[in-house]
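Remarks on the overall topology
One letter stands for each residue in the lines below.
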Amino acid sequence: QVQLVESGGGLVQAGGSLRLSCAASGRSFRSYAMDWFRQAPGKEREFVATITWSLGLTNYADSVKGRFTISRDNAKNTVYLQMNSLKPEDTAIYYCASKTLISSAYDYWGQGTQVTVSS
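Everything numeric in this text was worked out from a predicted model, so none of it was measured. (Residues numbered from 1 in each chain as written. Predicted model: local features only at pLDDT ≥ 70, side-chain atom pairs only at ≥ 80, totals over all residues. Heavy atoms only, no water.)

1. Concerning the overall build of the protein chain
When its secondary structure is counted, the protein chain shows 0 helices and 11 strands. Mapped in sequence order, the helices and strands of the protein chain form the string β-β-β-β-β-β-β-β-β-β-β. Against the 2.2 N^0.38 benchmark of 14 Å for 119 residues, the protein chain shows a C-alpha radius of gyration of 13 Å, consistent with a compact globule. Its C-alpha atoms put the protein chain at 40 × 25 × 25 Å along the principal axes. Within the protein chain, the proportion of its 119 residues that are buried is 44%. Residue pairs at least 24 apart in sequence account for 53% of intrachain contacts in the protein chain once pairs closer than 6 positions are excluded. A total of about 6,200 Å² of accessible surface is found on the protein chain, and carbon and sulfur atoms cover 48% of it. One way to put it: in the protein chain the 12 positive side-chain charges average out to a point 5 Å from where the 9 negative ones average out. (Helix = DSSP H or I, 4+ residues; strand = E, 2+ residues; numbered from the N terminus. Rg over C-alpha atoms; globule rule 2.2 N^0.38 Å. Buried < 20%, exposed > 50% of the residue type's maximum accessible area, 1.4 Å probe, protein only. Contact = heavy atoms within 4.5 Å. Areas by Shrake-Rupley, 256 points an atom, 1.4 Å probe, with all protein chains shown as cover. Lys, Arg positive; Asp, Glu negative; His and termini not counted. Charge placed at Lys NZ, Arg CZ, Asp CG, Glu CD.)

Right, dumping it as structure tokens:
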């Protein structure tokens, strides 16, 4: 059974940092990418960052470029999202999702972790 489990969320002051983790299990992820999304109250879920498991290719939303860094540890089957210079507008529930590279379809989602940035 495939599972994605996020952790690392919390409350931080503006300008601070957090590192989120997404632990994946249940299958090989070699042919997949892992994406981070976020959803703020009353807003639609939005893309944050992506990384391919095999080559480590990355891409970011413009709103987080230069502040967030996505990485992965293949040995631990874990993807990280290092978030620096956090702003109150980064407050949201953060989700990781597995995406097939062939079709770009998302097949599994984590339960989410809350990030709250106070001003």
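Alright, that's what it looks like, and here's the rest.
2. Details of the sheet that holds strand S1 (residues 3–7)
Note: strands within a sheet are paired through backbone hydrogen bonds, in either parallel or antiparallel orientation. Strand order in this open sheet of 4 strands is S1-S3-S8-S7, and the pairing throughout is antiparallel. With one partner strand each, in any of the chains shown, S1 and strand S7 (68–73) form the two edges of the open sheet. Sheet twist, expressed as the average angle between the axes of neighbouring strands with direction ignored, equals 15°. Judged from the 6 bridges that link them, strand S3 (residues 18–25) and strand S8 (residues 78–83) form a sheet pairing that is antiparallel. Its bridge partner lying in S8, Leu-18 is registered against Met-83. (Pairing = 2+ DSSP bridges. Axes fitted to C-alpha atoms, helices over the stretch in contact; angles between N-to-C directions.)

3. Quick notes on the pattern of salt bridges
Applying the stated criterion to the full structure yields 6 salt bridges. Here Asp-90 ties to Arg-38 by a salt bridge, and the two come within 2.9 Å at their closest N and O atoms. Linking Asp-90 in the loop between S8 and strand S9 (92–100) with Arg-38 in strand S4 (residues 32–39), this pair joins segments that are 52 residues apart in sequence. No difference in accessibility class separates Asp-90 from Arg-38, as the two residues are buried. What you see here is one network of salt bridges that share partners, running through Arg-38, Glu-46, Arg-67 and Asp-90. (Salt bridge = Lys/Arg side-chain N within 4 Å of Asp/Glu carboxyl O.)

4. Structural notes on the pairing of S7
Along a regular strand, successive side chains alternate from one face of the sheet to the other. Pairing of S7 with S8 involves 6 bridges; the strand directions are antiparallel. Following the sheet pairing, Thr-69 is matched in S8 by Gln-82. Hairpin geometry of S7 and S8 is characterised by an intervening segment of 4 residues between the two adjacent antiparallel strands and by a positive phi of about 50° at Asn-77.

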